[in-house]
Amino acid sequence: MTEKKLAVIIGAGIGGIATAIYLANNGYSVAVFEKNSAPGGRCGQLIREGHRFDLGATILMMPGIYREIFDTLGIPLFENNDIKPLENLYKIYFDNNDILAFSTNKEKMQIQL
Ligand SMILES: Cc1cc2nc3c(=O)[nH]c(=O)nc-3n(C[C@H](O)[C@H](O)[C@H](O)COP(=O)(O)OP(=O)(O)OC[C@H]3O[C@@H](n4cnc5c(N)ncnc54)[C@H](O)[C@@H]3O)c2cc1C
């Protein structure tokens, strides 16, 4: 019997987790080390007094990459969820009253920038 190669990943953010999935799927024995008490990194969450706070990511960007990873796991991420792209994403308000409205519409972004 051939021994599995060991891969060590430092950090259980989404990057480390995705890498671990791919390595495990390609026959590696994977160990993931995380310095915090829970995985997620900047995609993590905080639960306090029954309320859940996203600590970072809230917008699903580059869904194709997520789809690829979840497909690799055999988990149908989008099949049961009605996910529609939004044109207007969010606004940033500056001290001088400038507003930058982030959009997936390149023309709208070009005019503002
Ligand atoms: C406020 C905010 C909002 C965001 N909004 C969005 C969004 O809407 N959509 C989107 O797509 N992206 C968003 N992002 C970006 C997205 O969250 C990050 O790009 C992504 O989570 C980064 O993942 P990562 O695995 O590369 O790094 P990280 O999430 O930083 O993961 C690194 C992990 O490594 C651990 N680590 C570090 N050093 C060590 C060590 N020495 N030993 C052990 N563990 C260690 C850390 O604790 C952490 O868990 C946002 C980020 C922030 C901060």
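Computed from a prediction, not measured in an experiment: that's the story for all the values here. (Residues numbered from 1 in each chain as written. Predicted model: local features only at pLDDT ≥ 70, side-chain atom pairs only at ≥ 80, totals over all residues. Heavy atoms only, no water.)

Peer 1: With reference to specific residues and values, describe the overall build of the protein chain.
Peer 2: The number of helices and strands found in the protein chain is 3 helices and 6 strands. Along the protein chain, helices and strands appear, N-terminal first, in the series β-α-β-β-β-α-β-β-α. Against the globule reference of 13 Å for 113 residues, the protein chain gives a C-alpha radius of gyration of 19 Å, more extended than a compact globule. Along the longest, intermediate and shortest principal axes, the C-alpha atoms of the protein chain span 65 × 30 × 30 Å. Here the protein chain holds 113 residues, and 12% of them are scored as buried. Pairs at least 24 residues apart make up 22% of the contacts formed inside the protein chain by residues separated by at least 6 positions. When the accessible surface of the protein chain is summed, it comes to about 9600 Å², and 56% of that surface belongs to carbon and sulfur atoms. (Helix = DSSP H or I, 4+ residues; strand = E, 2+ residues; numbered from the N terminus. Rg over C-alpha atoms; globule rule 2.2 N^0.38 Å. Buried < 20%, exposed > 50% of the residue type's maximum accessible area, 1.4 Å probe, protein only. Contact = heavy atoms within 4.5 Å. Areas by Shrake-Rupley, 256 points an atom, 1.4 Å probe, with all protein chains shown as cover.)

Peer 1: A description of the pattern of salt bridges should follow, citing residues and the corresponding values.
Peer 2: For the structure on display, the rule yields 2 salt bridges. The residue Arg52 makes a salt bridge to Asp54 at a minimum N-O spacing of 3.3 Å. Overall, the relative accessible area of 38% leaves Asp54 in the partly exposed class. In this structure, Lys108 and Glu87 form a salt bridge, with 2.7 Å as the shortest nitrogen-oxygen distance. Highlighted residues: Lys108 in helix 3 (residues 106-112) and Glu87 in the loop between helix 2 (63-73) and strand 5 (88-93), separated in sequence by 21 residues. (Salt bridge = Lys/Arg side-chain N within 4 Å of Asp/Glu carboxyl O.)

Peer 1: Can you break down the site of the ligand residue by residue, with the values?
Peer 2: Taken together, 18 residues form the shell around the ligand, and within it Gly15, Glu34, Arg42, Thr58 and Ile59 come nearest. Between the ligand and Ile14, the relevant distance is 3.2 Å, taken from an oxygen atom to a main-chain nitrogen or oxygen of the residue. Separating a nitrogen atom of the ligand from a backbone N or O atom of Ile59 is a distance of 2.7 Å. Contact with the protein chains removes 60% of the 1000 Å² of surface that the ligand exposes when unbound. Across the shell around the ligand, the residue classes break down as 7 nonpolar, 8 polar and 3 charged. (Near = heavy atom within 4 Å. Polar contact = N/O pair within 3.5 Å; in protein donor to acceptor, adjacent residues only side chain to side chain. Nonpolar A, V, L, I, M, F, W, Y, C, P; charged D, E, K, R; others polar.)

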